[in-house]
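# Structural characterization, general
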Amino acid sequence: MLFMRHLSDYRPKSEKKPMLTFCWILLLLVSEAEFSLLGCLHKEFEKHYRAINNKEMVLQCPLPSQSYTHVFNNSLTYKKKVVWFRQQKEGELLEVIGKESTNPTQEGNALWFKPIRNNDSGIYICKIREEASCFKIIIEVQAKSQARCLDYETNTLSLIAGKGDSISCPGLKCYGHLNRSQVTWYKNGTLLTEKTFRQSLKLKGDKINLLTIYDKDAGVYVCDYMLFVNNTRWTMRTVVKVNVIAPNTIYAPKMLSPKGVKILEAELGKPIEMQCKVQFGYERDVIPMITWSRHSQEGKSEELEQKQIRDEKNELVGETVIHIASLREVTERDLNSNFTCIAQNSVGKSTGVIKLKRKERVHFLYILSGLISMLLGLLVSSAFIYQHWIEIVLMYRNYLVKDETIGDHKEFDAFVSHAKMGSFESDSSFVNEEQFALDVLPEVLEKKHGYKLCLLERDILPGGAYTDDVVTAIKQSRRTIIILSPSYVNGPSIFELQAAVNCALEDSTIKLVLIKFQAFQEPDYLPPVVKKALRILPVITWKSSNWTTPNKKFWKNIQYYMPVKNTEGLGKKQTKGFLQRLFSMDY
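This brings us to the state of the cysteines. Taken as a whole and judged by the stated rule, the model has four disulfides. Residue cysteine 61 pairs covalently with cysteine 126 via a disulfide, S to S 2.1 Å. On the sign convention where negative is left-handed, the bridge of cysteine 61 and cysteine 126, at about 85 degrees about the S-S bond, is right-handed. Of this pair, cysteine 61 sits in the loop between strand S2 (57–60) and helix H4 (76–81) while cysteine 126 sits in strand S7 (residues 122–128), and the two are 65 residues apart along the sequence. There is a disulfide in this structure between cysteine 276 and cysteine 341, and the S-S distance comes to 1.9 Å. Residues cysteine 276 and cysteine 341 share a disulfide whose torsion about the S-S bond is about -75 degrees; that sign makes it left-handed. With cysteine 276 in strand S20 (residues 272–281) and cysteine 341 in strand S25 (residues 338–344), this pair connects stretches of sequence that are 65 residues apart. There is no split in this pair, since cysteine 276 and cysteine 341 are both buried.

We now examine the nonpolar core. Among the nonpolar cores identified, the biggest contains 27 residues, and Ile52, Ile167, Tyr175, Trp185, Ile208 and Tyr221 are the most heavily contacted of them. Of all the secondary-structure elements, those providing two or more residues to this core are strand S9 (156–160), strand S15 (207–210), strand S16 (219–229) and strand S17 (232–245). For this core, the element with the most residues is S17, which contributes five residues.

With an omega dihedral of 5 degrees, the bond running from asparagine 103 to proline 104 counts as a cis peptide bond. Along the chain, proline 104 falls in the loop between strand S4 (95–96) and strand S5 (105–107). Omega for the bond connecting lysine 114 with proline 115 falls within 30 degrees of zero, at 0 degrees, which places this linkage in the cis form. Position of proline 115 relative to the elements: it lies in the loop between strand S6 (110–113) and S7. Phi is positive for asparagine 230, which is not a glycine, with a value near 55 degrees. Turning to its location among the elements, asparagine 230 is positioned in the loop between S16 and S17. With relative accessibility at 76%, the residue asparagine 230 sits in the exposed group. Phi at aspartate 285 is positive, roughly 60 degrees, even though this residue is not glycine. Note on placement: aspartate 285 falls in the loop between S20 and strand S21 (289–295).

Thresholds applied
Residues numbered from 1 in each chain as written. Predicted model: local features only at pLDDT ≥ 70, side-chain atom pairs only at ≥ 80, totals over all residues. Heavy atoms only, no water. Disulfide = S-S within 2.5 Å. Helix = DSSP H or I, 4+ residues; strand = E, 2+ residues; numbered from the N terminus. Buried < 20%, exposed > 50% of the residue type's maximum accessible area, 1.4 Å probe, protein only. Core = buried A, V, L, I, M, F, W, Y, C linked by side-chain atoms within 4.5 Å.

As far as function goes, none of this settles anything; it's purely spatial.
Now the structure itself:
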């Protein structure tokens, strides 16, 4: 076989590199049985590329769904799936381009040459793991003189934000003796087209015209056009890197610290650092300058020991620089001096002054008493917040939090699930489960707090399948209120709890509110997902005397777990009552 003959006929110049290459191929042949490299070697070239020597170049391994709309995808997922091979000339050994390669390097499904050289010419084959086919490419790298380049524009552009400009494809004046096609543009690997939401971008001829430049116009652009040589169609590919920068500033540096004159306390004999923080507007080819100097009462001026500790650069804003001046030991002379920070750019300069003041010693008892006072205040505040947490949250919702029900396309605030009549005995001295679900909950939550409940008996038309009706009602609700009792967990209504748990796992906006109406023993035969829900979800305990006073703790807890909802006519009334009830201890 041809591929195996190439391996057996190969005679290395050194022992180490050929053995590694040979082992690479054997390993791939053993571990990736679907890699039919022999077939790849004998198939026709899918793509013919030309590139200019010493310029950046990228080759993609076309993904099945992106072959015509993408030239690269940097996803790590694709990097693990794609394997690249290289053969400088037909008949030579096929070698793997491994992770240790620095040029070219594999990023996602693409092979990047930064830059490409004449000796990179050759045959390249890529394989996508678990795919039967392979992709065979040939690259021809030529110098500018060979390509008859009359001119070659830059591959790196800096565009000024807010202005208008264009992006040209470098190398269009190469191969002028050959017929070529129109240019196709890609940005960050994706085919670039005119879109209605970006009116300022126009594809005109072979250029990208930007009527107004935005920071999002920065990126890696790739331009392709076809060259026709005899019966072969070559793709000429060029990479253009575009940066978006701000126009040169028209302002002098802004002194952030110290502003004006700043007083610092210092101890004699101790070291001190003085910080100068300056914001410079963006300037091309200008290095901003910061200098610290001392001005003594004798009129002398001298530079200080200084260092730059931080430099935050942003080509659209400028840079923020921090300079530190250090004194190894503060002296009386330092207390009588001015320390001036001078910041300068091409527009002008700004100054800030620091003066040192002798640091007075504070008595230890004052510090200790202050710390104790702060600790006591923290403990009292923590206890107060813990005791009134729910009231504080509800008041916060009333003032600051937006209505979370807007735009979620749900009809109900809560679906109510309870044991049905006939599955338990009613005790006339107390409200029973069905009365609680159908009368008490709507009386408080709907009439007094403005929520909309979903009750199967009231809101779902009869005639449908029970299970379908339950699931549909839960999905149309933001919460599911489960009224737990012995009759509920041992009866058919337990299906509604299981359905609610499953819906909550699928839709994170659905949350469960468990109300323990009566004490119950958890049956062994409950589904695991229901058992887990009963153990980890918070439970609110019902007491039969609570329902007539909605400001009690039970109803505050219910409202705490209900969705945030701004209801007209109720918000102001509830807010007024919050502050009155906040300090109430009547729970």
